[in-house]
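Architecture at a glance
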Amino acid sequence: MSPIVHAELSWLLAQGLRERRDRILVTCAGLAPDLDGLSLLAGEEFYARYHHVIFHGYVGALITMTVCAALARRRAAVALLSVAAFHGHLLCDLAGSGPGWPIHYFWPQSLREWSWSGQWNLASWQNSLIGLAATLACLACAVPFQRTLVELFSPRWDAEVTRTVRRRLGRQDAANAP
């Protein structure tokens, strides 16, 4: 699954949190497993050997949870949601990263491979459909929460996107209308 979809799904998971900072941390937790993708900097062979190994397991989950909780305003909630987002990423990878791409959850203690025989390709209709649904759900958050995924980059840009989405859906408050 693409990093964009991982981010969208993780951000959606964090919508119960009031603080933007905490939502950003949970979103980052959902992206954290792909830190082992930086192994590409050591070459394609190193990447092929260590992506889905170094940070796609319990060690990565513990490190991610610890860092996110330490930086959060609501530490317990962010710790719990960061672990959920992290493991959501792993489940998505098990389903839609492509056949023959296992996860080594217990590395470094074990190189036992975790995979699923029904894995679909990265460029599959399933991933496209999940990505479309996640994007629409992120935009739909403009109505109940008055924010979208754009808040990760800029609260000002997010206000514009939210205003536009709400206007298009006929949900713009009369007091906020231009």
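In the block above lies the structure referred to throughout.
Residues numbered from 1 in each chain as written. Predicted model: local features only at pLDDT ≥ 70, side-chain atom pairs only at ≥ 80, totals over all residues. Heavy atoms only, no water.

1. Topic: the nonpolar core
Inclusion rule: Buried residues of nine kinds, namely Ala, Val, Leu, Ile, Met, Phe, Trp, Tyr and Cys, make up a nonpolar core once their side-chain atoms join them within 4.5 Å. A simple rule labels every residue: compare its accessible area, found with a 1.4 Å probe on the protein chains alone, to the largest value its type can have, and call it buried under 20%, exposed over 50%, or partly exposed in between. Strands here are runs of E lasting at least two residues and helices are runs of H or I lasting at least four, both read from the DSSP assignment and numbered beginning at the N terminus. Contacts between residues were defined by any pair of non-hydrogen atoms, one from each residue, lying within 4.5 Å.
Counting residues in each nonpolar core, the largest one holds eleven residues, listed as Ala14, Leu17, Leu25, Val26, Ala29, Cys68, Ala72, Ala77, Val78, Leu81 and Ala85. If you list the elements that add at least two residues to this core, you get α2 (20-31) and α5 (75-96). Broken down by element, this core gets its largest block of residues, four residues, from α5. Those residues within four positions of Val26 in sequence are excluded, and the remaining contacts are Ser10, Ala14, Leu17, Val78, Leu81, Ser82 and Ala85.

2. Some thoughts on the packing of α2 against α5
For clarity, the threshold we go by: Where helices are involved, their axes are fitted lines through C-alpha atoms of the stretch in contact, as for all axes, and angles between N-to-C directions lie from 0 to 180°. Each angle is binned into one of four classes, with values under 35 degrees roughly parallel, values over 145 roughly antiparallel, values of 65 to 115 roughly perpendicular, and all other values oblique. Handedness of each helix crossing follows the sense of rotation of the near helix against the far helix: counterclockwise by less than a right angle gives left-handed, clockwise gives right-handed. Gly is put with the polar residues, along with every residue not named as nonpolar or charged; the nonpolar set is Ala, Val, Leu, Ile, Met, Phe, Trp, Tyr, Cys and Pro, and the charged set is Asp, Glu, Lys and Arg.
Close contact between α2 and α5 brings their axes to 7 Å; oriented N to C, the two are set at 30 degrees. Taken together, the axes of α2 and α5 lie roughly parallel to each other. The crossing of α2 and α5 is right-handed. Along the contact surface, α2 presents Asp22, Leu25, Val26, Ala29, Gly30 and Leu31, while α5 presents Val78, Leu81, Ser82, Ala85, Phe86 and His89. For the contact of α2 with α5, the class distribution of residues is eight nonpolar, three polar and one charged.

3. Describing the pattern of salt bridges
Note the threshold: Any Lys or Arg side-chain nitrogen found within 4 Å of a carboxyl oxygen on Asp or Glu counts as a salt bridge.
For the structure shown, the criterion picks out three salt bridges. In this structure, Glu151 engages Arg23 in a salt bridge whose closest nitrogen and oxygen atoms are separated by 2.6 Å. With Glu151 in the loop between α6 (125-140) and α7 (155-168) and Arg23 in helix α2, this residue pair connects regions lying 128 residues apart in the sequence. By relative accessible area, Glu151 is classed as buried at 3%.

4. Some thoughts on the side chain of Ser124
Quick note on the threshold: Think of a polar contact as two N or O atoms within 3.5 Å of one another; within protein, one of them needs to be a possible hydrogen donor and the other a possible acceptor, and neighboring residues in sequence only count if both atoms come from side chains.
Looking at the element boundaries, Ser124 is found in the loop between α5 and α6. Within the structure, the side chain of Ser124 is placed 3.5 Å from the side chain of Trp120, a separation counted as a polar contact.

5. Side note on the packing of aromatic side chains
What counts is decided by this rule: In this analysis, rings of Phe, Tyr and Trp, with Trp reduced to its six-membered ring, are considered paired at centre separations within 6.5 Å, and the interplanar angle assigns stacked below 30 degrees, edge-to-face beyond 60, and tilted for intermediate values.
Going through the model one piece at a time under the given rule, you end up with nine aromatic pairs. These aromatic residues form a ring-pair network of at least three members: Tyr58, Tyr105, Phe106 and Trp114.

6. Considering the layout of surface pockets
Think of a ball as big as a water molecule: rolled over the atoms, this probe shows where empty space is left. Definition in use: With a 1 Å grid laid over protein atoms only, a set of points is called a cavity when a 1.4 Å probe fits there but cannot get out and a pocket when it is open yet has protein on both sides within 12 Å along at least five of seven lines; lining residues have an atom within 4 Å of a point. Grid points are joined across faces, edges and corners, and a volume is the space filled by probe spheres set on the points.
Approximately 180 Å³ is the volume found for the largest pocket. Lining the largest pocket, in full, are Met1, Ser2, Pro3, Asp34, Tyr47, His51, His52, Asp93, Ser97, Trp101 and Leu122. Residue composition of the lining of the largest pocket, by class: five nonpolar, four polar and two charged.

7. Thoughts on the environment of Phe145
Relative to the helices and strands, Phe145 resides in the loop between α6 and α7. A sequence separation of 127 residues divides Phe145 from Arg18, and the C-alpha atoms of the two residues are 9.7 Å apart.

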